[in-house]
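# Results of the structural survey
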Amino acid sequence: MEGYPKLKKVMIKEGCEETRLELRLCPPGDDLYSIGGSGTHGTNCPPKKPMFKTSQKRVAAVVVGWPPVRTSRKNIMTSSYNSTKVVSLPEKAPAADSGGGKKTSSDHENSLYVKINMDGVAIGRKVDLKAYDNYQRLSSSVDELFKGLLAAQGDVSSSTTKTQIDVTTGLLDGNGGYTLVYEDNEGDRILVGDVPWNMFISSAKRLRVLKTSELSVCRHWNN
Amino acid sequence: MAYSFPEEVLEHVFSFISSEKDRNAVSLVCKSWYEMERWCRRRIFVGNCYAVNPKIMIRRFPEVKSIELKGKPHFADFNLVPEGWGGYVYPWIVEIARGYPCLEEIRLKRMVVTDESLELISKSFKNFKVLVLSSCEGFSTDGLAAIAANCRNLRVLELRECEVEDLSGHWLSHFPDSCTSLESLNIACLLSEVSFSALERLVARSPNLKTLRLNRNVPLEKLSTLLQLAPQLVEFGTGVYSAEIRSDVYASLTEAFSGCKNLKGLSGFWEVIPAYLPAFYSVCSRLTTLNLSYATAQSPELTKIVSQCHNLQRLLVLDYIEDTGLNALALSCKDLQELRVFPSDPFVADANVLLTEQGLVSVSEGCPKLQSVLYFCRQMSNSALITIANNRPNLTCFRLCILEPRAPDYVTFEPLDAGFGAIVENCKQLRRLSMSGLLTDRVFEHIGTHGKKLDMLSVAFAGESDLGLHHVLSGCDSLRKLEIRDCPFGDKALLANASKLETMRSLWMSSCGVSFGACKLLGEKMPGLNVEVIDERENLDSLHESCPVEKLYIYRTVAGQRFDMPDFVRTMGKDGGGGVPIKC
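Residues numbered from 1 in each chain as written. Chains lettered and ligands numbered in written order. Predicted model: local features only at pLDDT ≥ 70, side-chain atom pairs only at ≥ 80, totals over all residues. Heavy atoms only, no water.

Check the secondary structure of chain B and you find 21 helices and 23 strands. Relative to the compact-globule value of 25 Å for 584 residues, chain B shows a C-alpha radius of gyration of 25 Å, a close match. C-alpha extents for chain B along the principal axes are approximately 70 × 65 × 60 Å. Counting across all 584 residues of chain B, residues that qualify as buried make up 62%. Partitioning the intrachain contacts of chain B with sequence separation of at least 6 by distance along the chain shows that 70% fall at a separation of at least 24. Carbon together with sulfur atoms contributes 52% to the accessible area of chain B, which is approximately 21,600 Å² in total. (Helix = DSSP H or I, 4+ residues; strand = E, 2+ residues; numbered from the N terminus. Rg over C-alpha atoms; globule rule 2.2 N^0.38 Å. Buried < 20%, exposed > 50% of the residue type's maximum accessible area, 1.4 Å probe, protein only. Contact = heavy atoms within 4.5 Å. Areas by Shrake-Rupley, 256 points an atom, 1.4 Å probe, with all protein chains shown as cover.)

Laid out in structure tokens, this is it:
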């Protein structure tokens, strides 16, 4: 098609934290794209979402200004408001990182606080990853944290309290009722314990305690 | 006619005519009506700040109280307009400070506003009442401090999605204690903390405050304090909607919300903690507008909320609401007029939520008053679009964004021409359309044939040839704004429809196939147009004639070419401004 330019290969930083995105050229009429993965038809069969970073996460082609969302809407899923701040004001002096609101996990030299949420518990906690030096210690600490919260849950919520849930065993080995996963700086979810401790510390942005039974099926299947 | 009405009578009659279009029509009737109308025009709307220059405006309309100006093209919202392109308001402020000392209202959209401009505004208009800045940038909290300090009778200060350099949260303290006139305060886009005590005192002494939109930093625990000071609020925007769960905080928030008997609109809700959502349930049944588009709550919580909002007219929400939530919306909100569903994870191809075309189909079925749609999703079918078109012929605004460019009908793998064609054919009052997905020239044929009321069209990754563009330019009688990106449209359609461009406000084309030479030709042949080539490659002036330009922005103007352009912008073919008087 004469005069028709191909999609430019552009590495875009704005809106996306890292250059994690693949590039694709899509000449018109070409069926190089694929939507929703193969085997996605209708609403009865939602796409399976891999819970673990087994392969490269499929991302859309990088094109400037696409999809047409404003900067303030780009990082809703993965950010605390601080990272949005940095992304949307590239030319100006970074806004003062002071005052109320959440701090990023890299605020203090000697601690590395990340959020940790547990399935079924409305309110999360924060843990200082630098306070531990191995996965075992982290795991027992997480266990302690949520035991207390689960017990307290009955006071606040009006829904039925979860009955005995044994959190103590199997957070790391997949044998227990719950499993510990983390989200890295690309927003991917990975089993805790996969990588050396130091690598884990440098890339973990938040932790989650998920029900083991839900891990291998798409979490969006409704009951 | 031997007789005509005395001036006073005519003036009185004209005072009831507020719409710009009607006013313009009145001024064309005859010379005396033109004269009379121009003296009593109080509000001016300039859709493109480069279409007219302020001196012309002031000369014609000497007694204006309210001005609205727009600067950059719409695609600037998505970073398609390079920084420094233009849209500076300062030169306007300088002129209107001289020409309209009694000006009361300034509304600006997509303009570059400096602290200098804000200071000049604050000092030039003794009766200044309303400042609304939408999608503006270039100023800091110092400029806001000047407004706060000097505008004695300020009623409205709204910053809507602006980029503000936060130097200090203390600007709010610059409102003098004697300022009690505030009716609307919107600081939602400010990133740093404002002084809460100053905010509290301001709210306490503003009995007419109807709209208060806070920024993220105002903690949830403090909301009840503010709501108790201003139970008369009609519109309220929270800050971050999360905090440690404490029953006392929850209780006072619940009580504070239920004390606001006039609350009709809610927004804010960054980072939601679901346990706190029921605190505002008591106001749900009165809400007409609900903006949950930053609320990271899941489908069950969102469903619970919308199911209680029986009077809802306008909903903005993330795709976390999923199809099930939209089904509930369709059942519960029979007055819904506008729906906007935003993507929570726009840069990932795989769906992270169960939101499909079904949700939109349900709402189109269940909500008979639905007029305006903005919907982001990952799959669409012709059959769904046709169903929607059949259900809702009263649609006036339909903006669909399928996240993957050129995505076909996911069932049949065909282009979505038939679906969008049904929309334009059935929805005879359609004024605004944004399309996405796989589209051939056929869809443009449908648009040209049926889109007679279409005022604004946005196109991306669509079409096959110049015929597509030609259909639109030759067929859409009411078209005023056309924005196109990444489409195979070249010179032919543009040059063949050059005169059409003078009937429109503007045309944007980026990553298309329009050549440098064609732009030059267009600029030379059409004195009433500014043909701006925006191209950040080096040696712009020595581009070969046949080389396609990166970006093209064409707009009609009576002000001639502008002289505030950066080095990557050229106005093509100009030797001196055009003289055809055209309303903007």
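Attention now goes to the overall build of chain A. A count of helices and strands for chain A gives 4 helices and 5 strands. Helices and strands in chain A line up, N terminus first, as α-β-β-α-β-β-α-β-α. Counting all 223 residues of chain A, 43% fall into the buried class. For chain A, the proportion of contacts with a sequence separation of at least 24, taken over those separated by at least 6, is 57%.

Residue and element names in this part refer to chain B. Checked against the element boundaries, Thr 141 lands in helix H7 (residues 141-150). Classification of Thr 141 as buried rests on a relative accessible area of 1%. Among the polar contacts made by the side chain of Thr 141, one reaches the main-chain amide nitrogen of Ser 168 at a distance of 3.1 Å. Sequence-distant contacts of Thr 141, that is, excluding residues within four places in its chain, are made with Val 164, Glu 165, Asp 166, Leu 167, Ser 168 and Trp 171. (Polar contact = N/O pair within 3.5 Å; in protein donor to acceptor, adjacent residues only side chain to side chain.)

Once that is clear, we can look at helix H3 (residues 31-40) of chain B. Every buried residue of H3(B) is accounted for by B:Met36, B:Glu37, B:Arg38 and B:Cys40. Against the buried residues of H3(B) lie helix H1 (7-14), helix H2 (20-27) and helix H4 (54-60) of chain B.

Time to look at the environment of B:Asp477. Residue and element names in this part refer to chain B. Examined against the element boundaries, Asp 477 turns out to sit in the loop between helix H18 (466-475) and strand E19 (481-485). Accessibility expressed as a relative area gives 55% for Asp 477, which makes it exposed. It is 7.6 Å that separates the C-alpha atoms of Asp 477 and Leu 454, two residues lying 23 residues apart in sequence. In contact with Asp 477, not counting residues within four places along its chain, are Lys 452 and Lys 500.

Another point: the packing of helix H5 (residues 90-99) of chain B against helix H6 (residues 115-124) of chain B. Residues and elements named next belong to chain B. Contact geometry of H5 with H6 gives a least axis separation of 9 Å together with a crossing angle of 15°. By the angle class used here, H5 and H6 are roughly parallel. Between H5 and H6 lies a crossing whose hand is left-handed. Of the residues in H6, those touching H5 at Tyr 90, Ile 93, Val 94 and Ala 97 are Glu 116, Ser 117, Leu 120, Ile 121 and Ser 124. Tallied by class, residues from the contact of H5 with H6 come to 6 nonpolar, 2 polar and 1 charged. (Axes fitted to C-alpha atoms, helices over the stretch in contact; angles between N-to-C directions. Parallel < 35°, antiparallel > 145°, perpendicular 65-115°, else oblique. Left-handed = near helix turned anticlockwise from the far one by under 90°. Nonpolar A, V, L, I, M, F, W, Y, C, P; charged D, E, K, R; others polar.)

Here the focus is the pattern of salt bridges. Tallying each qualifying case throughout the model produces 31 salt bridges over all chains. Across the pair B:Lys129 and B:Glu104 runs a salt bridge, and its minimum N-O distance is 3.4 Å. Of this pair, B:Lys129 sits in the loop between H6 and strand E4 (130-134) while B:Glu104 sits in the loop between H5 and strand E3 (105-109); the two residues are 25 residues apart in sequence, bridging distant segments of the chain. For B:Glu104, a relative accessible area of 14% puts it in the buried group. A salt bridge links B:Arg246 to B:Asp248; its shortest N-O distance comes to 2.9 Å. Exposure remark for B:Arg246: the relative accessible area of 39% places this residue in the partly exposed category. With relative accessibility at 43%, the residue B:Asp248 sits in the partly exposed group. One network of salt bridges, with partners in common, ties together A:Arg70, B:Asp77, B:Arg110 and B:Glu161. (Salt bridge = Lys/Arg side-chain N within 4 Å of Asp/Glu carboxyl O.)

So, about the nonpolar core. Counting 204 residues, the largest nonpolar core has B:Trp171, B:Tyr241, B:Phe257 and B:Phe398 as its most contacted members. Leaving out residues up to four positions away in the same chain, B:Trp171 has contacts with B:Thr141, B:Leu144, B:Ala145, B:Ala148, B:Leu157, B:Ile187, B:Leu190 and B:Val194. (Core = buried A, V, L, I, M, F, W, Y, C linked by side-chain atoms within 4.5 Å.)

All names here are of chain B. If you walk through the whole model with that rule in mind, you get 26 aromatic pairs over all chains. When the ring of Phe 75 is compared with that of Phe 78, the centres are 6.2 Å apart and the planes differ by 55°; the resulting orientation is tilted. For the pair Phe 75 and Phe 78, one class covers both residues: buried. One aromatic cluster in this structure is built from Tyr 50, Phe 75, Phe 78, Trp 85, Trp 508, Tyr 553 and Tyr 555. (Phe/Tyr/Trp six-rings, centres within 6.5 Å; stacked < 30°, edge-to-face > 60°.)

Here we take up the sheet that holds strand E3 (residues 178-183) of chain A. Residue and element names in this part refer to chain A. Pairing in this open sheet of 5 strands is mixed, and the strands run E2-E1-E5-E3-E4 from one edge to the other. Strands with a single pairing partner mark the edges of an open sheet, and in this sheet they are strand E2 (125-128) and strand E4 (189-191). Taken over all neighbouring pairs, the strand axes of this sheet differ in orientation by 35° on average, direction set aside. As judged from the 3 bridges shared by E3 and E4, these two strands associate in the antiparallel manner. Counted as the bridge partner of Glu 183 is Arg 189 from E4. (Pairing = 2+ DSSP bridges.)

A cluster of nonpolar side chains, namely B:Phe5, B:Val9 and B:Val13, defines an oily patch on the protein surface of about 270 Å² accessible area. Topologically, B:Val13 is positioned in helix H1. (Patch = residues over 30% accessible without salt bridge, like charges linked within 9 Å, V, L, I, M, F, W, Y side chains within 5 Å.)

Such coordinate-based values are descriptive only and should not be taken to indicate function.
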